[in-house]
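# Observations on the model geometry
If you want the building blocks of each chain, they are given just below.
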Amino acid sequence: METTELIEGKDISVERTGEEERKLEFKDALCASCGLCEKICPVSAIEVTPAGAMVRTEQDVSKIDIDENKCVLCGMCSCICPFEALDLKIGGESIKDMEEYPSLLKSAKISEDTCIYCKACETACPQDAITIARQLPERAKLVSGEIEIDKETCVDCGICEEMCPADAITLEHKFPSSDDPTVSSDIIVDKDKCVYCLVCKKACPVDAIKAVCRICSYGDYDINPEDSEIVGSSYIDDELCVNCGWCQEICPVDAAEVTKPFEGTLTLNQDLCQGCETCVMACPCNVLSFPQSTEPGKKPEKLHKDEKYCIYCGACQKACPVGAIDVERTKINSTPVRSKSWQKAFDSVKTK
Amino acid sequence: MPIGLKLYPELCHGCGNCVIACPVNSANSPEIAGGKGPTDDVEVIMIVEDGEITMRNSGLCGKCGTCAESCPVDAIRLEELE
């Protein structure tokens, strides 16, 4: 039986061959330096690099260090990691998929039936885990009208071309010659682009444009409602997702549903806080921010939190150099813990 | 190898940015938070002495990297310690 450690870039794997093959894999890019693995490890084999050093300065080292001589490949770190950064595989299978081992109950889902593809979640997601792909309807099918330019009356001034908000009018500008003393050879309206807003008609100095918006005159009876439908799809990268709940909170139609791995409390000590911003940078869930003053002389709170987005991972507490943050985990949402020693280990990360 | 605070006094311009920016220093001393030098009885991590950065108490460091970020000449860094 031999334990070997392999470091590839900043990713680490610790492997032990023997009766059963065990392999602990660490993906550096997913780690938030929260320190839960360090806390739960029964043999103190894991050391987490200070979060401030990782987010503020460039470091060549991984976010955690695993001592392969101490690691017993028990998998507790892998089961408690809320970021999918650690994974223990036995005989090639992840213990997160094994019933015998507890796994955190965490998920994020977007209901395709409800989603209107507004992309608010995609923008808000602090881990860029959400991709919303949408296909917009053809603009020409959502408008109805007629437009015609009387080329005899038109003086080729180009005002309509300049003013058209839909870039639907094009003049073929040219330099006049003695045999053709005009400044434009043609004026073209792209009816796929025109929205019949009638700006050109109103702006034309010689009244050369005849245009009418049928919707304004008769309502949108000749618009097919199906043509205005927006089709799309949503995708959440489960590996990148930290289950913070931003998508759920920002969604205007309640299409997103998030289950968080931990419950607890986050307490900030405004007096101790010196405003160094390390916690704001370390938080993977965009829970913390520095509020701007709304008016001169008005002093907002130093550090603002919104626990709606907090998963109580403890990264902020670990990052704070002056002990101004306290994260308490009161509940771990997981599949059943079947062994007493594991229960004890899980309980150990509940208290501070 | 643990990561810790490392000084490069030969690069230091003595501006004192790090001393003021350091949240541990400012938590320990309102004078520092206000941009002044600390009084003698205050425990600080680092201080500018005779125009050069000097370590006073590296054990207080919370390794947040604020000092390193504020230093214009990379004279204070969070690095792997030998």
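Quantities reported herein were computed from a predicted structural model and do not represent experimental measurements.

Looking now at the overall build of chain A. In terms of helices and strands, chain A carries 11 helices and 19 strands. Over its C-alpha trace chain A gives a radius of gyration of 30 Å, far above what one expects of a compact globule, namely 20 Å for 352 residues. Seen through its principal axes, chain A has C-alpha atoms that stretch 95 × 60 × 45 Å. Out of the 352 residues in chain A, the part that is buried amounts to 42%. Restricting to contacts in chain A with at least 6 residues of sequence separation, those with at least 24 account for 65%. About 19300 Å² of surface is accessible on chain A, with carbon and sulfur atoms providing 48% of the total. For chain A, the distance from the average site of its 39 positive side-chain charges to the average site of its 64 negative ones is 7 Å.

Glancing now at the interface of chain B and chain A. Contacts between the two partners involve 16 residues from chain B and, on the opposite side, 16 residues from chain A. Summing both partners gives a buried area of about 1300 Å² for chain B against chain A, and 63% of it is carried by carbon and sulfur. Put simply, chain B and chain A have one salt bridge between them. The partner of Glu 69 of chain B in a salt bridge is Arg 56 of chain A, and the shortest N-O contact between them spans 2.9 Å. When residues of the side of chain B that touches chain A are traced back to their parent elements, those giving at least two are helix H2 (23–28), helix H4 (66–70) and strand S4 (76–80) of chain B. In terms of residue count, the dominant contributor to the side of chain B that touches chain A is H2 of chain B (four residues). Among the residues forming the side of chain B that touches chain A, the class breakdown is eight nonpolar, four polar and four charged.

With that out of the way, let us pick up the nonpolar core. If you look at the biggest cluster of nonpolar residues, it comprises 87 residues, and the most contacted ones within it are Ile 64, Ile 66, Leu 266 and Leu 288 of chain A together with Met 46 of chain B. With four residues, the top contributor of residues to this core is helix H3 (residues 76–80) of chain A. Discounting residues that sit within four places of it in the chain, Ile 66 of chain A has contacts with Glu 5, Ile 12, Val 14, Leu 24, Phe 26, Ala 45, Ile 46, Cys 71 and Leu 86 of chain A. With 20 residues, the next largest nonpolar core counts Cys 154, Ile 169, Cys 204 and Cys 213 of chain A among its residues.

It is worth spelling out helix H11 (residues 340–348) of chain A at this point. All names here are of chain A. Within the span of H11, buried status applies to Trp 342, Ala 345 and Phe 346. Here the buried residues of H11 occupy an arc of 100 degrees about the axis, which is enough to place them on one side. In H11, the exposed residues that point more than 90 degrees away from the buried face are Lys 340 and Lys 344. Looking at the buried side of H11, the elements it contacts are helix H1 (36–40), H3 and strand S19 (325–332).

A separate point is the domain arrangement of chain A. Looking at chain A, the domain boundaries give domain 1 (2–97) and domain 2 (139–227). Computed from C-alpha atoms alone, the centre-to-centre distance between domain 1 of chain A and domain 2 of chain A is 65 Å.

Residue and element names in this part refer to chain A. Within the structure shown, the criterion is met by three aromatic pairs over all chains. Ring centres 3.7 Å apart and planes at 5 degrees place the aromatic pair Trp 246 and Tyr 309 in the stacked group. Here Tyr 309 lies in the loop between strand S18 (304–305) and helix H10 (315–319) and Trp 246 lies in helix H8 (residues 246–250), a separation of 63 residues in the sequence. Side by side, Trp 246 and Tyr 309 carry an identical accessibility label, which is buried.

Residues and elements named next belong to chain A. Within the fold, Glu 93 resides in strand S7 (residues 93–94). The partly exposed category is assigned to Glu 93, whose relative accessible area is 39%. In this structure the C-alpha to C-alpha distance between Glu 93 and Glu 21, which are 72 residues apart in sequence, comes to 10.0 Å. For Glu 93, the residues in contact, after removing those within four places along its chain, are Leu 88 and Met 98.

Our focus in this paragraph is the confidence of the model for chain B. All names here are of chain B. Considering every residue of chain B, the mean pLDDT works out to 92; 99% of them sit at 70 or more. By mean pLDDT, helix H3 (residues 30–33) is the weakest element of chain B at 88, and H4 is the strongest at 95. Overall fold confidence for the complex sits at a pTM of 0.86, while the interface term, ipTM, reaches 0.91.

This part takes up the sheet that holds strand S1 (residues 2–8) of chain A. All names here are of chain A. In spatial order, the strands read S1-S2-S3-S6-S7; together these five strands make up an open sheet with antiparallel pairing. Where the open sheet ends on each side, the last strands, each with one partner, are S1 and S7. Relative to strand S6 (residues 86–90), strand S3 (residues 22–26) runs antiparallel, the two sharing five bridges. Counted as the bridge partner of Glu 25 is Asp 87 from S6.

Cut-offs applied
- Residues numbered from 1 in each chain as written.
- Chains lettered and ligands numbered in written order.
- Predicted model: local features only at pLDDT ≥ 70, side-chain atom pairs only at ≥ 80, totals over all residues.
- Heavy atoms only, no water.
- Helix = DSSP H or I, 4+ residues; strand = E, 2+ residues; numbered from the N terminus.
- Rg over C-alpha atoms; globule rule 2.2 N^0.38 Å.
- Buried < 20%, exposed > 50% of the residue type's maximum accessible area, 1.4 Å probe, protein only.
- Contact = heavy atoms within 4.5 Å.
- Areas by Shrake-Rupley, 256 points an atom, 1.4 Å probe, with all protein chains shown as cover.
- Lys, Arg positive; Asp, Glu negative; His and termini not counted.
- Charge placed at Lys NZ, Arg CZ, Asp CG, Glu CD.
- Buried area = accessible area lost by both parts, 1.4 Å probe.
- Salt bridge = Lys/Arg side-chain N within 4 Å of Asp/Glu carboxyl O.
- Nonpolar A, V, L, I, M, F, W, Y, C, P; charged D, E, K, R; others polar.
- Core = buried A, V, L, I, M, F, W, Y, C linked by side-chain atoms within 4.5 Å.
- Arc of directions from axis to C-beta.
- Domains from an automatic or database assignment.
- Phe/Tyr/Trp six-rings, centres within 6.5 Å; stacked < 30°, edge-to-face > 60°.
- pLDDT = per-residue confidence, 0-100.
- Pairing = 2+ DSSP bridges.

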